[in-house]
Amino acid sequence: MIIVMKPGTPQAEIDRLNREMENWGLTPENIVGRYKVVIGLVGDTAALDPLQLQEISPWIEQVLRVEEPFKRASRQFRHGEPSAVSVATPEGNVMFGEHHPVVTIAGPCSVESEEAIVETALRVKEAGAKFLRGGAYKPRTSPYAFQGHGESALELLAKAREASGLGVITEVMDAEDIEKIAEVADVLQVGARNMQNFALLKKVGAQEKPVLLKRGMSATIEEWLMAAEYVLAAGNPNVILCERGIRTFDRRYTRNTLDLSVLPVLRSLTHLPITIDPSHGTGWAPFVPAMAKAAIAAGTDALMIEVHPNPAKALSDGPQSLTPEQFRQLMDELAVIGKAIGRWEKQPALLP
Ligand code: PEP
Ligand code: MN
């Protein structure tokens, strides 16, 4: 349930309502919009009558029931206002959200060597990426496949972060690793295979770094948003959703089916920012540029793209990785669409 306050409501009245709601055993969450404050109520609101609730203050404009099972994640919970996730990076805060330029995250599937990760970081940065991605801990289908270099790869990510100034996004598979990963990473990634690992979701929700939550390969949109709700309910408001393709029936020509329809659908359901990963979404490098362009045209807030200096030699996901040169070229093409829709970061004016 949400209480929409009238514009100009005195803070003392909002505080009074918050206390009153707490006395009723509810958890009020204040969302301060441009013109209005919305008090989101979490808890057992089933017995409350919105009309009666409206009577408790003349400053209440409207009381609405949130119909969706996801409450904090729902767009209605913020009375239609999108949220922006601000991520601190070595070169300042980067905003993910509907009213901000598209953010690009690029890098290899796995962190391999210092030389490769630093080179990749510098080259994707030059092309316009804001974040370096790269797995230290890899979820692999086979226990005999490369599992990632683990802790030593975190040190390499830290070096690449320092050398490039890029923010770092890397996957957490085990709650026990959160602390050491959070020392290096600016965003913690929860991978598709762990989207419904509720114990892990609660743990990443109880720490402060923003979370990139990938869609499970067979997850419905509702299940995905309920997974986001776990993180939000545990106290972390900074969740970025990432569509990475879902499992359908064609395994021969594409690895997954990239569901770009989530862009308009999620927009109507949630205030959370959205990222599209066309690399895992298609599984093949030649298909990545078209889907990246389509994602920007359809309104994505961010893109996550796998880039490797030598895809043929990559220890994981080589076939879907672009070379740094291909990535640079793609960024030039994306800029055309990004500028046309007013969502491309303005380049600093060149010095004379
Ligand atoms: C990845 O980003 O490298 C990865 C393993 O992704 P997903 O969880 O989407 O498969
Ligand atoms: Mn990968």
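The rules we used
- Residues numbered from 1 in each chain as written.
- Chains lettered and ligands numbered in written order.
- Predicted model: local features only at pLDDT ≥ 70, side-chain atom pairs only at ≥ 80, totals over all residues.
- Heavy atoms only, no water.
- Helix = DSSP H or I, 4+ residues; strand = E, 2+ residues; numbered from the N terminus.
- Rg over C-alpha atoms; globule rule 2.2 N^0.38 Å.
- Buried < 20%, exposed > 50% of the residue type's maximum accessible area, 1.4 Å probe, protein only.
- Contact = heavy atoms within 4.5 Å.
- Areas by Shrake-Rupley, 256 points an atom, 1.4 Å probe, with all protein chains shown as cover.
- Lys, Arg positive; Asp, Glu negative; His and termini not counted.
- Charge placed at Lys NZ, Arg CZ, Asp CG, Glu CD.
- Pairing = 2+ DSSP bridges.
- Axes fitted to C-alpha atoms, helices over the stretch in contact; angles between N-to-C directions.
- Near = heavy atom within 4 Å.
- Polar contact = N/O pair within 3.5 Å; in protein donor to acceptor, adjacent residues only side chain to side chain.
- Nonpolar A, V, L, I, M, F, W, Y, C, P; charged D, E, K, R; others polar.
- Core = buried A, V, L, I, M, F, W, Y, C linked by side-chain atoms within 4.5 Å.
- Salt bridge = Lys/Arg side-chain N within 4 Å of Asp/Glu carboxyl O.
- Arc of directions from axis to C-beta.

Draft legend 1. Summary view of the overall build of the protein. Helix and strand counts for the protein stand at 11 helices and 14 strands. Here the protein has a C-alpha radius of gyration of 21 Å; the compact-globule value for 352 residues is 20 Å, and the two agree. Considering only C-alpha atoms, the protein reaches an extent of 65 × 55 × 40 Å along its principal axes. Within the protein, the proportion of its 352 residues that are buried is 53%. For the protein, the proportion of contacts with a sequence separation of at least 24, taken over those separated by at least 6, is 67%. About 15900 Å² of surface is accessible on the protein, with carbon and sulfur atoms providing 53% of the total. Positive and negative side-chain charges in the protein, numbering 37 and 44 respectively, have mean positions lying 4 Å apart.

Draft legend 2. Highlighting the sheet that holds strand 1 (residues 2–5). Read across the sheet, 4 strands follow the order 2-3-1-4 without closing on themselves; strand pairing throughout is antiparallel. Two strands lie at the open edges of the sheet, namely strand 2 (27–32) and strand 4 (60–64), each paired on one side alone. For this sheet, the mean inter-axis angle between neighbouring strands, taken without regard to orientation, is 20°. Here strand 1 runs beside strand 4; their pairing, made up of 4 bridges, is antiparallel.

Draft legend 3. The arrangement of the site of ligand 1 in detail. Residues in contact with ligand 1 amount to 13 residues; listed here are only the nearest, Arg133, Lys138, Ala192, Arg193 and Arg244. Separating an oxygen atom of ligand 1 from a side-chain N or O atom of Lys214 is a distance of 2.9 Å. Between an oxygen atom of ligand 1 and a side-chain N or O atom of Arg244, the distance comes to 2.6 Å. Here ligand 1, which alone exposes 300 Å², has 98% of that area covered by the protein. Residues belonging to the shell around ligand 1 are distributed by class as follows: 3 nonpolar, 3 polar and 7 charged.

Draft legend 4. Structural view of the nonpolar core. In terms of nonpolar packing, the biggest core is built from 68 residues, with Leu213, Ile305 and Phe327 touching the most fellow members. Here the element with the most residues in this core is helix 7 (residues 221–233); it accounts for 7 residues. Apart from the residues within four sequence positions on either side, Ile305 is in contact with Ile105, Ala106, Gly107, Arg133, Pro278, Ser279, Val288, Ala292, Leu322, Phe327 and Leu330.

Draft legend 5. Structural detail: the pattern of salt bridges. Evaluation of the coordinates by the stated rule reveals 23 salt bridges. The salt bridge involving Arg267 is made with Asp301; its shortest N-O contact spans 2.6 Å. With a gap of 34 residues between them, Arg267 in helix 8 (residues 262–269) and Asp301 in the loop between helix 10 (288–297) and strand 14 (302–306) connect regions that are remote in the sequence. For Arg267, a relative accessible area of 17% puts it in the buried group. Salt-bridge contacts for Arg328 lead to Glu325; the nearest nitrogen and oxygen are separated by 3.0 Å. Separated by 3 residues within a single helix, Arg328 and Glu325 lie in helix 11 (residues 324–340), roughly one turn from each other.

Draft legend 6. How the structure looks around the environment of Arg123. Mapped onto the secondary structure, Arg123 falls in helix 3 (residues 114–127). With relative accessibility at 34%, the residue Arg123 sits in the partly exposed group. Note: C-alpha distance between Arg123 and Pro309 (186 residues apart in sequence) is 9.3 Å. Setting aside residues no more than four positions away along its own chain, Arg123 makes contact with Pro324 and Glu325.

Draft legend 7. Quick look at helix 10. All of the buried residues in helix 10 are Val288, Ala292, Ala295 and Ile296. With its buried residues spanning 95° around the axis, helix 10 presents them on a single face. On its buried side, helix 10 packs onto helix 8, strand 13 (274–276), helix 9 (278–282), strand 14 and helix 11. A positive backbone phi angle near 100° is found at Gly299, which sits one or two residues after helix 10.

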